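Listed below are the residues making up each chain.
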Amino acid sequence: MPDSLDNALNELSDLPSGATESTLMVKEAENFPITAGKLRALCAKNPDHPLAKLKVKSVEGFPDNTNVVVERPDLLAIVDNKDINFVTKVETRKIAGGEKKVTVVRKQLVERGKATNPEPPSGNFSGMDIVPSSGPVEE
Amino acid sequence: MAGFEPKTGHQMYLYRNTGTTVSPTWGLVDEIGDLSISDFTRGLAELKRRANNFTKNLPSLFQSIALEFRLHFGLDQTVYEGIRDDHMNGTPREYAIMANAIAYDSVGLRCPFLVEQFPWDQSQEDVSGHDVRLAIAYMTSGGSEVDPSWYSVPTTTT
């Protein structure tokens, strides 16, 4: 029945990109090196922000000159009084000489109280074998 | 990735997250010797049949991931006491095993670990230290289970 086959294929093509194959979860972040002392001072500018409280706790007991690295959006959220929202997107990356679809998770800044995804998705290691499968590739 | 090139472990980096999974604060763990993700194994289910002379395998679960390194005694007190306290308290914590410095253009494995072994060697003629073994841990963050993932840090724009 050609018509029903066409319909079925059309429905498949409407699936979100990457939905039919395993993907590799990649958390991507711009990082920012800072000392514990400067981090505490920065957090003191907006002490009621939940992230500021977390950051101060994360360097509790650290000498001021201890170097740490934090994610840049977190600092911006504290300074600009924003919230963090996680965005997930399937992208094609060149890995080990071949192209592979990966699920990339990034942070974006949103107005306070407007975050729809305040937590990242759980990792999905179904596509952990980043080198393309040695078996036959299914078209 | 600019830093993807042959290099020795001496030029690679281990980080410990004292923040949360959602908002990490990475501290360098650099007073260590050799490091190895010693157990990073895919389980295999053997397929044996009368109809074929070869034993073949189907992919199963990843086995328990382990990270091993030599932590020297008497250096970087903040990190040393942090790892020791995690061991004493059974605290799971995220680590990042990176190819380059985590601040710029790097990639690596990010995984929650428990300190499984923290033996203290006090040999007469060797630098005292601990052959630390970390094992993948069950950990939650904000109600979500934390699984291993790749951590990708793009070239920072500044």
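1. Some remarks on the overall build of chain B
Line of reasoning, step 1. The secondary structure content of chain B amounts to one helix and 13 strands.
Line of reasoning, step 2. Ordering the α and β elements of chain B from the N terminus gives β-β-β-β-β-β-α-β-β-β-β-β-β-β.
Line of reasoning, step 3. Reported as C-alpha extents along the three principal axes, the dimensions of chain B are approximately 60 × 50 × 40 Å.
Line of reasoning, step 4. Relative to its full complement of 158 residues, chain B shows a buried share of 41%.
Line of reasoning, step 5. Sequence-distant contacts in chain B: of pairs separated by 6 or more residues, those separated by 24 or more amount to 61%.
Line of reasoning, step 6. With the model as given, the accessible surface of chain B reaches about 8,800 Å², and the carbon-plus-sulfur share is 51%.

2. Considerations on empty space enclosed by the protein
Over the atoms rolls a probe the size of a water molecule, and in doing so it shows where empty space is left.
Line of reasoning, step 1. Inspection of the entire model under this criterion finds two cavities of 30 Å³ or more.
Line of reasoning, step 2. Along the wall of the largest cavity there are 13 residues; nearest its centre are Lys27, Glu71, Phe86 and Lys107 of chain A together with Arg110 of chain B.
Line of reasoning, step 3. Contributions of two or more residues to the lining of the largest cavity are made by strand E1 (24-28) and strand E5 (98-110) of chain A.
Line of reasoning, step 4. Per-element accounting of the lining of the largest cavity gives the leading share, three residues, to E5 of chain A.
Line of reasoning, step 5. For the lining of the largest cavity, the per-class residue count stands at six nonpolar, one polar and six charged.

3. Quick look at the side chain of Arg70 of chain B
Residues and elements named next belong to chain B.
Line of reasoning, step 1. With respect to the helices, strands and loops of the structure, Arg70 is situated in strand E6 (residues 66-72).
Line of reasoning, step 2. At a separation of 2.6 Å, a polar atom in the side chain of Arg70 contacts the side chain of Asp121.
Line of reasoning, step 3. One polar contact links Arg70 to Asp131, side chain to side chain, over a distance of 3.1 Å.
Line of reasoning, step 4. Sequence-distant contacts of Arg70, defined by excluding residues within four places in its chain, comprise Glu31, Ile32, Gly33, Asp34, Asp121, Val127, Ser128, Gly129, His130 and Asp131.

Cut-off values and rules
Residues numbered from 1 in each chain as written. Chains lettered and ligands numbered in written order. Predicted model: local features only at pLDDT ≥ 70, side-chain atom pairs only at ≥ 80, totals over all residues. Heavy atoms only, no water. Helix = DSSP H or I, 4+ residues; strand = E, 2+ residues; numbered from the N terminus. Buried < 20%, exposed > 50% of the residue type's maximum accessible area, 1.4 Å probe, protein only. Contact = heavy atoms within 4.5 Å. Areas by Shrake-Rupley, 256 points an atom, 1.4 Å probe, with all protein chains shown as cover. 1 Å grid on protein atoms, 1.4 Å probe; cavity = no way out; pocket = protein on both sides within 12 Å on 5 of 7 lines; lining within 4 Å. Points joined across faces, edges and corners; volume = space filled by probe spheres on them. Nonpolar A, V, L, I, M, F, W, Y, C, P; charged D, E, K, R; others polar. Polar contact = N/O pair within 3.5 Å; in protein donor to acceptor, adjacent residues only side chain to side chain.

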